[in-house]
Amino acid sequence: MRSEFLPFHIPSIGDEEVAEVIKVLRSGWLTTGPRVHDFEDAFAHYIGRPHAIAVNSCTAALHLALDAIGLSENDEVLIPTMTFAATAEVVLYFKARPVLIDCESDTLNIDPAGVEKAITPRTRAVIPVHYAGHACDMARIAEIARIHRLKLIEDAAHALPAVYKRQMVGTFGDLACFSFYATKTLCTGEGGMVVTANPEYADNVRMMSLHGITKDAWKRYSAEGSWYYEISRPGFKYNMTDIAAAIGLVQLSKCDRMWRARRRIAEIYNEALRELDQVLAPITRGDVEHAWHLYPLRLDLQRLRISRAEFIMMMREQNIGTSVHFIPLHLHPFYREKYQYQRQDFPNAVAAYESLVSLPIYPAMTEGDAMDVVAVVRDIIRRNLR
Ligand SMILES: Cc1ncc(COP(=O)(O)O)c(C=O)c1O
C-alpha cells in the first residue's frame, strides 16, 4: 500500500508560472490588458481559429456563445445528460430549454442519433461535450446541424488538446468554449476561452464579456485610448485578468508536453486494466487523439461483490483519490422535477454512471504512481470477486 495519498488531481504549476504572475503583479496592470491579449493570440494560433476571447470561466464562455447566436426564450438547445451543471444552466439563463440527450454506450459522448430524434421546430442549437477529452462524432453532428440549420457550439471544457480526423477540437462549431479551471488540462485557477471563425460572434462575445461596452478598459485607459465608451446592450463581467493570462501563457507553452505526460499515464492504465474482465477501460476511436483530461473507468458490477461507492472508499483507504464524472443531469432534482425525466429515459448514461470511477491522471504523476493505482485496482478486484 502507498504510504502517501495520491490526490485525484494536482495542477502542474511551476516556477515559470510563479515568475510570470509576479511580473504582472509588479507591472501596475492587473486586470484585462496586454497579457490577456497575448494569451488570446497564442490560443487562437494554437487551436487554429482567427478569434479567441478570454473570459473568467467556461461557464461564462458558454453563456456568451449562446448570447452571440441570439438564443431566445422558449428556444431549445440539445445537450448531453452526461455533463456538468454548466452546459445546461447557461441555456436556462435565457429562459430557453436544455433538451437532454443520451450518450453513446462506448465513448459516453452525446449520441448523434438521439440528437437527430430530439429536433423540433424550436431547436436552435446543439452543444456536444467532448467527454473526458474524447472528441464527439463531429462529422455526424455537424451534418445534422447543417441539415437542420442548428448552431453548433462545442463544449470543449475537457478537450484541450484533442483531435478529430486530424483537425483540432474547437474548430468544428460556430463557436467553441474551453475551461481553464484548476483541474483542467490547461489551468489558470479559473478561466475560459471562446474561439470562433465568425468576426461578428467574436465582437459580440468580447463586448458582452465586459458590460456590453464597445471598448475595453485597457484601450480606454492606455495612452493611445480615449475616455469615451458606449454601452450597446447590458452585458456581463466575464473578462479575464492579466494575472490569470500570465499563468495561461506559460501553461499553453507546456500544453503539448503536459498532454504527452497524461497520455503516458493513460497508456499504463490501458495496458494493465484491459486485461481485467471486471473493468472496462475507456476506448479511443481510430480517428481521435484523446486529450486525456479524465480517465473514466467502468466497473462490471455483475462480477464484483462491492458497489461503486465501496470501490471508491477502498481506493481512498489505500491512499488513491478518485472522482465520478458525471451524475447525469436528468437524475438531479431540478431537471428531474422541472422536466419530469425518468431515470431510464437515458439508459446508456444511467448504466455508465452507476459504474463510473475516474482515476487520477495528470502530468505531475510518475509512472510509479500510475502503477500504484493499477496495483490497488487489481487488489480491490481480486478481493471482491463475485
Ligand atoms: C463539460 C463541462 N463544461 C463546462 C464546465 C464549466 O467550466 P468552468 O468551471 O470553467 O466554468 C465544466 C467544468 O468542469 C465541464 O466539465
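Predicted model only: the values in this text are computed from it and were never measured.

**Thoughts on the overall build of the protein chain**
Summing up its helical and strand segments, the protein chain has 14 helices and 13 strands in all. Against the compact-globule benchmark of 21 Å for 386 residues, the protein chain has a radius of gyration of 21 Å, which places it among compact chains. Based on the C-alpha atoms only, the size of the protein chain along its principal axes is roughly 70 × 55 × 35 Å. Per-residue burial for the protein chain yields a buried fraction of 57% across its 386 residues. Residue pairs at least 24 apart in sequence account for 72% of intrachain contacts in the protein chain once pairs closer than 6 positions are excluded. Surface summary for the protein chain: the accessible area is close to 16,900 Å², and the carbon and sulfur share equals 51%. Each charge sign in the protein chain was given a centre, from 43 positive and 47 negative side chains, and these centres are 2 Å apart.

**Looking at the domain arrangement of the protein chain**
Each assigned domain of the protein chain is listed with its residue range as follows: domain 1 (15-253) and domain 2 (255-383). The gap between the C-alpha centroids of domain 1 and domain 2 is 26 Å. Opposite the 43 residues of domain 1 that make contact, domain 2 presents 37 residues. Of the roughly 3,300 Å² buried where domain 1 meets domain 2, counting both sides, 60% is carbon and sulfur surface. Our enumeration of links across domain 1 and domain 2 arrives at three salt bridges. Contributions of two or more residues to the side of domain 1 that touches domain 2 are made by strand 2 (76-80), helix 4 (85-92), strand 3 (97-101), strand 6 (163-164) and helix 9 (242-253). Ranked by residues supplied to the side of domain 1 that touches domain 2, first place goes to strand 3 with five residues.

**A few points about the site of the ligand**
Within the structure, the ligand sits among 16 residues, and Thr59, Asp155, His158, Ser179 and Lys184 are positioned closest to it. Contact distances for the ligand include 2.7 Å between a nitrogen atom and a side-chain N or O atom of Asp155. Measuring from an oxygen atom of the ligand, one finds a side-chain N or O atom of His158 at 2.8 Å. Notes on the ligand: free accessible area 390 Å², of which the protein chains cover 92%. Among the elements of the structure, helix 3 (58-68) and helix 4 are those that each provide at least two residues to the shell around the ligand. Along the lines of polarity and charge, the residues of the shell around the ligand split into seven nonpolar, seven polar and two charged.

**Focus: the packing of aromatic side chains**
Tallied over the full model, the rule gives 14 aromatic pairs. Centre to centre, the rings of Phe84 and Phe326 are 6.3 Å apart; their planes meet at 40 degrees, and the pair counts as tilted. One end of the pair, Phe84, is in the loop between strand 2 and helix 4; the other, Phe326, is in the loop between helix 11 (308-317) and helix 12 (333-339), with 242 residues separating them in the sequence. For Phe84, a relative accessible area of 51% corresponds to the exposed category. When its relative accessible area of 8% is taken as the criterion, Phe326 is described as buried. A ring pair is formed by Trp292 and Tyr295, whose centres lie 5.6 Å apart and whose planes are at 20 degrees; its orientation type is stacked.

**Remarks on the nonpolar core**
Leu66, Met82, Ile153 and Leu175 are the most contacted members of the largest nonpolar core, which totals 51 residues. Secondary-structure elements contributing two or more residues to this core are strand 1 (51-55), helix 3, strand 2, helix 4, strand 8 (175-179), helix 7 (199-208), helix 12 and helix 13 (347-355). Sort the elements by how many residues they give to this core and helix 3 lands first, with eight residues. The residues that make up this core include at least three from each of domain 1 (15-253) and domain 2 (255-383). Among all residues touching Ile153, those that are not within four sequence positions of it are Leu62, Ala65, Leu66, Ile69, Val126, Ile127, Pro128, Leu175 and Cys177.

**Remarks on the sheet that holds strand 12 (residues 295-299)**
Read across the sheet, three strands follow the order 10-12-13 without closing on themselves; strand pairing throughout is antiparallel. Strands at the two margins of the open sheet, each flanked by one partner only, are strand 10 (279-280) and strand 13 (356-359). Both strand 12 and strand 13 contribute to a ladder of four bridges, which runs antiparallel. By the bridge assignment for strand 13, Arg298 is matched with Leu356. Running at roughly 20 degrees to strand 13, helix 11 makes contact with strand 12 and strand 13 of the sheet. On top of the sheet, helix 13 reaches strand 12 and strand 13; it is set at about 55 degrees to strand 13, its chief contact.

Cut-off values and rules
- Residues numbered from 1 in each chain as written.
- Predicted model: local features only at pLDDT ≥ 70, side-chain atom pairs only at ≥ 80, totals over all residues.
- Heavy atoms only, no water.
- Helix = DSSP H or I, 4+ residues; strand = E, 2+ residues; numbered from the N terminus.
- Rg over C-alpha atoms; globule rule 2.2 N^0.38 Å.
- Buried < 20%, exposed > 50% of the residue type's maximum accessible area, 1.4 Å probe, protein only.
- Contact = heavy atoms within 4.5 Å.
- Areas by Shrake-Rupley, 256 points an atom, 1.4 Å probe, with all protein chains shown as cover.
- Lys, Arg positive; Asp, Glu negative; His and termini not counted.
- Charge placed at Lys NZ, Arg CZ, Asp CG, Glu CD.
- Domains from an automatic or database assignment.
- Buried area = accessible area lost by both parts, 1.4 Å probe.
- Salt bridge = Lys/Arg side-chain N within 4 Å of Asp/Glu carboxyl O.
- Near = heavy atom within 4 Å.
- Polar contact = N/O pair within 3.5 Å; in protein donor to acceptor, adjacent residues only side chain to side chain.
- Nonpolar A, V, L, I, M, F, W, Y, C, P; charged D, E, K, R; others polar.
- Phe/Tyr/Trp six-rings, centres within 6.5 Å; stacked < 30°, edge-to-face > 60°.
- Core = buried A, V, L, I, M, F, W, Y, C linked by side-chain atoms within 4.5 Å.
- Pairing = 2+ DSSP bridges.
- Axes fitted to C-alpha atoms, helices over the stretch in contact; angles between N-to-C directions.

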